[in-house]
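So the chains spell out like this:
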Amino acid sequence: MRTTRHLTDLTGAARTAPPRWTEDEVAVLAAALTAAPSVHNSQPWSLRLRDRTATVFERVDITLPRHDPMGRDRLVSCGAAVANLRLAVRRLGWTAPWRQFPDQAAPGAVAEVEAGGPAEPTETELAGYGAIARRSSHRGPFAAEPVDPALLRSLRDTAADVEVPGVVAHVLRGEDRTHLARVLSHSALVLRQDDAYQRELAAWRGGEGIATADAPWSLPWAGLVDRTTAVPDDTVLAERLARESYLVVGTTGDGRSDHLHAGMLTQRLWLAAVAAGLACSIMTQPLHVPESRAGLIERLELAGYPQVLVRLGHPAHPPRPTSRRPLAEVVHIED
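Residues numbered from 1 in each chain as written. Predicted model: local features only at pLDDT ≥ 70, side-chain atom pairs only at ≥ 80, totals over all residues. Heavy atoms only, no water.

Caption draft 1: Up close: the side chain of Ser245. Positionally, Ser245 belongs in strand β8 (residues 245–251). Owing to a relative accessible area of 8%, Ser245 belongs among the buried residues under this scheme. Setting aside anything within four residues of it in sequence, one finds Ser245 in contact with Val147, Leu152, Arg177, Val310, Arg311 and Leu312. (Helix = DSSP H or I, 4+ residues; strand = E, 2+ residues; numbered from the N terminus. Buried < 20%, exposed > 50% of the residue type's maximum accessible area, 1.4 Å probe, protein only. Contact = heavy atoms within 4.5 Å.)

Caption draft 2: Quick peek at the sheet that holds strand β10 (residues 305–313). Strand order in the open sheet formed by 4 strands is β7-β8-β10-β9, and the pairing between neighbours is antiparallel. Every other strand in the sheet has two partners, leaving β7 (167–171) and β9 (279–283) as the edge strands with one partner each. In this sheet, neighbouring strand axes are inclined to one another by 25° on average, regardless of whether the strands run parallel or antiparallel. Where β8 meets β10, 7 bridges bridge the pair, whose relative direction is antiparallel. (Pairing = 2+ DSSP bridges. Axes fitted to C-alpha atoms, helices over the stretch in contact; angles between N-to-C directions.)

Caption draft 3: Up close: the packing of aromatic side chains. Taken as a whole and assessed by the stated rule, the structure comprises 0 aromatic pairs. Over the ring of Trp21 we find Arg52, and its NZ or CZ is 4.6 Å from the ring centre. Taking NZ or CZ as reference, Arg135 lies 4.6 Å from the ring centre of Trp270, over its face. (Phe/Tyr/Trp six-rings, centres within 6.5 Å; stacked < 30°, edge-to-face > 60°. Lys NZ or Arg CZ within 6 Å of the ring centre and 35° of its normal.)

Caption draft 4: Here's a closer look at the pairing of β8. Within β8, 7 of the 7 residues are buried, which leaves the element mostly enclosed by the surrounding structure. Here β8 shows no split at all, with Ser245, Leu247, Val249 and Thr251 on one side and Tyr246, Val248 and Gly250 on the other all buried. Pairing geometry for β7 and β8, over 5 bridges, is antiparallel. Each residue of the ladder has a partner; that of Val167, found in β8, is Thr251.

Caption draft 5: Summary view of the sheet that holds strand β11 (residues 331–334). The mixed open sheet is built from 5 strands, whose spatial order is β5-β6-β4-β3-β11. Two strands in the sheet have a free side with no partner beyond their single neighbour: β5 (98–100) and β11. For this sheet, the mean inter-axis angle between neighbouring strands, taken without regard to orientation, is 20°. Pairing geometry for strand β4 (residues 53–58) and strand β6 (residues 109–114), over 5 bridges, is antiparallel. What sits directly across from Phe57, in β6, is Ala109. Relative to β5, helix α9 (residues 256–275) is tilted by about 140°, and along the sheet it contacts β4, β5 and β6.

Structural data, given as structure tokens:
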């Protein structure tokens, strides 16, 4: 027999928690989850709603064997979806306790979020939730106005608000741009000549995945390197990087938990940037070239593993939305 919990809100008035998600709550949760960013816009997740819990499942049937052979980016994508889901639960006025990999009998379950007791969302959470619908990848040069260094430091410190262990954001300094230019250039040249990678990329671009961007197909704006991507020399590339701001999201370990946590932090950081009037895009592709990833660790003296590169700047053009999977394919409600 189902019971109804009677809770008390911050004003002292009784608030009743229904035994299961309401239709309005389902709509809020589904919209937030499906708006998360993902590798190749693959949206490799599904959502199960039962009683007052929401469980994010990793869709291992969606694979990128050449780009993401270990599923690292897929879990980063799922982490971004979990971050959106928790913000949606907070926006609905509930605490959002969560557990990672909650069910050993269901290995595809990466995180379970519960609607806990009543609690008003903070201003930061409301701003992050409000940015979910406005977030989009900014491909191409940013506007000329530089990002305030204090804002960059504030975004870097977003890790403290996400409450996941072992994940940090590192602000690239001026001299770091030369190292990053070499990493991006080397990775691009390797991937541009990788026939299997290019076939996989073309298949996704021609199918339901990546939307063709209007941005110039040149580094660092292109995002994904195809046969037509222009790779400038290191000096020119470093000059372009110097006009942008970069964060590196890294983790102390390199396992599944670390990848999930990196996705959660990346998304919260991205939403905080959008709420502050900035635009972003992320890059993981260069970090799949082993020597590039190792070189970045060495040259930037990182104490861990870089998982995501985040470009930040003031938007130079309106965001362009990408297609989303039908909700019936993604959201499953169980009795």
